[in-house]
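Breakdown of the fold
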Amino acid sequence: MFYLWRRSQVPVKQPIKISRIDNLIIFLVCILISIISSYKLLLISPLNIADIFSWFLTFTEILISTGVLILVSKKENPTISSRQIFLIITLLLVLQVTKLALASTISPLSMIIPPALIISQGMGSITALAWVSIASLFWPDPDIIINNNLFFILLVCASIVSLLGGRIRSRAQLLQLSIFVPIGSFLSQWILIGKDKMSLFNINKQDFVFANGDIFSDSLLLAIAMLFTILFIPIFESIFGLLTKARLLELADKEKPLIRRLSLEAPGTFEHTLLICGLAEEATRMIGGDIDLIKTGALYHDVGKLHAPNWFIENQDGSKNPHDELDDPIRSAEVLQAHVDEGLKFARKNRLPKLIANFIPEHQGTLKMGYFFQKAKEKNLDINEYYFRYKGPIPQSKETAILMLADGCEAALRAMNINASDKEALNTISNIIYSRIKDGQLDDSNLSKGEIFLIKRAFLNVWKRIRHRRIQYPTSKNNTFS
Ligand SMILES: [Fe+2]
Ligand SMILES: [Fe+2]
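Here, residues in each chain are numbered from 1, in the same order as that chain's written sequence. Labels follow written order: the first chain is A, the first ligand is 1, and so on. Predicted model: local features are reported for residues with pLDDT of at least 70 only, side-chain atom pairs are reported and counted for 80 or more only, and whole-chain, interface and lining totals are derived from all residues.

Runs of H or I in DSSP of at least four residues are treated as helices and runs of E of at least two as strands, each being numbered from the N terminus. When helices and strands are tallied, the protein chain shows 21 helices and zero strands. Note on burial: count the other C-beta atoms lying within 10 Å of the residue's C-beta; 20 or more is buried, 12 or fewer is exposed, in between is partly exposed, and C-beta positions come from the backbone. For the protein chain, the proportion of its 482 residues judged to be buried stands at 37%.

Quick look at the environment of Ser178 now. For Ser178, the position within the fold is in helix H8 (residues 171-192). You can call Ser178 buried: it has 22 C-beta atoms within 10 Å. Sequence separation between Ser178 and Ala225 is 47 residues, and the spatial gap between their C-alpha atoms is 8.8 Å. Excluding residues that lie within four positions of it along the chain, Ser178 makes contacts with Ala223, Met226, Leu227 and Ile230. What counts as a contact is two residues whose backbone-derived C-beta atoms lie within 7 Å of each other.

When you line up the elements, Arg285 lands in helix H12 (residues 267-287). A residue is classified by how many C-beta atoms lie within 10 Å of it, and Arg285, with 13 of them, is partly exposed. Residues Arg285 and Leu454, spaced 169 residues apart in sequence, show a C-alpha to C-alpha distance of 9.8 Å.

Let us now look at the packing of helix H4 (residues 82-102) against helix H6 (residues 125-137). Between N-to-C directions, angles cover 0 to 180 degrees, with each direction set by a line fitted to C-alpha atoms, over the stretch in contact for helices. Between H4 and H6, the shortest axis-to-axis distance is 11 Å and the interhelical angle comes to 25°. It follows that H4 is roughly parallel to H6 by the angle criterion. At the point where H4 passes H6, the crossing takes the right-handed sense. Each of Ile88, Leu92 and Leu95 in H4 lies in contact with H6, whose residues at this interface are Thr127, Trp131, Ile134 and Ala135. Its residues assigned to classes, the contact of H4 with H6 shows six nonpolar, one polar and no charged. In these notes the angle categories are as follows: under 35 degrees is roughly parallel, over 145 is roughly antiparallel, 65 to 115 is roughly perpendicular, and the rest is oblique. What makes a crossing left-handed is the near helix being turned counterclockwise from the far one by less than a right angle; a clockwise turn instead makes it right-handed. Side-chain classes are defined by residue name, with Ala, Val, Leu, Ile, Met, Phe, Trp, Tyr, Cys and Pro counting as nonpolar, Asp, Glu, Lys and Arg as charged, and the others, Gly among them, as polar.

Quick look at the nonpolar core now. In this structure, Ala280, Ile402, Leu403, Ala406 and Phe459 are the most contacted members of the largest nonpolar core, which totals 48 residues. No other element matches the eight residues that helix H19 (residues 398-415) contributes to this core. Only buried residues count toward a nonpolar core: Ala, Val, Leu, Ile, Met, Phe, Trp, Tyr and Cys, linked into one set through C-beta atoms within 7 Å. Membership of the second largest hydrophobic core comes to 42 residues, among which are Ile80, Ile88, Met123 and Leu154.

In this section: the packing of H6 against helix H7 (residues 148-165). Relative to each other, H6 and H7 sit at 160°, their axes nearing to 8 Å. The angle between H6 and H7 falls in the class roughly antiparallel. In this structure, H6 meets H7 at a crossing whose hand is right-handed. In this structure, H6 uses Ser125, Ala128, Leu129, Val132 and Ser136 to contact H7, whose residues at the interface are Leu154, Leu155, Ala158, Ser159, Ser162, Leu163 and Gly165. Each residue belonging to the contact of H6 with H7 can be placed in one class, and the counts come to seven nonpolar, five polar and no charged.

Quick look at helix H15 (residues 329-349) now. Expected span, for any helix, means 1.5 Å times one less than how many residues it has. When the terminal C-alpha atoms of H15 are compared, their 30 Å separation across 21 residues agrees well with the 30 Å that a helix rising 1.5 Å per residue should span. For a residue, the bend is simply the angle between two axes, fitted respectively to the seven-residue segment ending there and the seven-residue segment starting there. Helix geometry: H15 is bent most strongly at Gln337, by close to 30°. Buried within H15 we find Pro329, Ser332, Ala333, His339, Val340, Gly343, Phe346 and Ala347. Buried residues belonging to H15 abut helix H11 (257-265), helix H13 (291-300), helix H14 (322-326), helix H16 (354-357), helix H17 (359-362) and helix H18 (370-378). A positive backbone phi angle near 50° is found at Arg351, which sits one or two residues after H15.

Bringing the confidence of the model for the protein chain into the picture now. Across the chain, each position has a pLDDT score giving the predictor's confidence in that residue, from 0 to 100. Counting all residues, the mean pLDDT for the protein chain is 85, and 89% of those residues have values of 70 or more. Across residues 8-13, where pLDDT falls below 50, the model places seven contacts with residues more than four positions away in sequence or in other chains. For the stretch residues 476-480, pLDDT sits under 50, and the model shows one contact to residues farther than four places along the chain or on other chains.

The next thing to look at is unusual backbone geometry. Here the residue pair Gly392 and Pro393 is connected by a cis peptide bond, since its omega of 10° sits within 30 degrees of zero. Along the chain, Pro393 turns up in the loop between H18 and H19. Of note, Asp327 is a non-glycine position whose phi angle comes to about 50°, a positive value. Within the secondary structure, Asp327 is located in the loop between H14 and H15. Here Asn446, not a glycine, exhibits a phi torsion of approximately 75°, which is positive. If you trace the backbone, Asn446 turns up in the loop between helix H20 (422-438) and helix H21 (449-470).

Structural data, given as structure tokens:
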């Protein structure tokens, strides 16, 4: 009873599985970070028990912090891969080594802010903030004590970059960020540090002129480091499978060759895709999901139909149906399954990110190809239902589940009578969604009952828009300009 109650309230998402070897390597890197960040505490002579104890405390503190960082990143990105966790901790490792080598010459701003930008772009703001807090708290060299004002400026700038980095939707905005943050840091350092005649660190730099010169060159270095980071973000995207907002929007460009091909070679599928984008976007907005992700995923979900466009009803425009000529339900079912397999091949060839490629098999899940299964039964073929189901997997995220529901409702809504009432439209939507739920297609999607209710409402709103568009406006010869 308790299990059923919990399942009906808050769906429990299966955590992503990371292999044991990956876990071991991640753990070893964390230990390495802790050693690098604390070993200098042991280089005191004479060494007594109190020193060893304080080293052990620092070591454990850093190890636990890196563990918390990984947990935060998993919480923010339920689909995070081990490669992406490697990226987060490797950046931390590189930072700690850089601090050891260059902490007395380079401003901490230039060391911490660029990696924070990469993490916020690829893994989100919360992960970036967690990373920044660890990166700015642990300094391997106990002799270097950062000026309090500089520490404050570092935290403010890094937090701004982390928060904005997760939301920025274009490369142009990234460029603006990489110019305004260094300018802001220069002005704040000049006001808070330069005027006090204080150096950036408490070692040998007491001169006012030098301090100002340092501030300027440090801010310049920060700007250059951020610009280089932006240049290299696309490389990080492909190596670590990061999916930044800018990349999503680039992929959603309808001038992309694959989408252009879809519009030219399979115009019916392209129209179907555009309508699904509208349905899915509205539903995702209602439940607070990732709108950019679903818009791009929807655009590519049926690209596999390019392998044989005229085998799909939406591209046939009244001409002959090749399935009738074939007259073999099993082969027809294979053609339908091929739109998923070929779609995945297109995704690989065009280097689509995994999160986008997931929409291709998951939008069909393990749905039954009812029409051809029925035909097979009519022909008295002794055939297993298995051959008339898509190979799956069923939707593993809310976004892919919404796309499956939108895909199911699209044709029905398009075909619906223009005079149909809202209640009739809602009934049609509910029936289609209920059949998917009953078939177990949404079991892994993490959608709650409340969210499914909101999705139905969203689809209804889009239907109202479609109906409105189809109403012919009365026009006269003299009044056709407005
Ligand atoms: Fe499809
Ligand atoms: Fe579709």
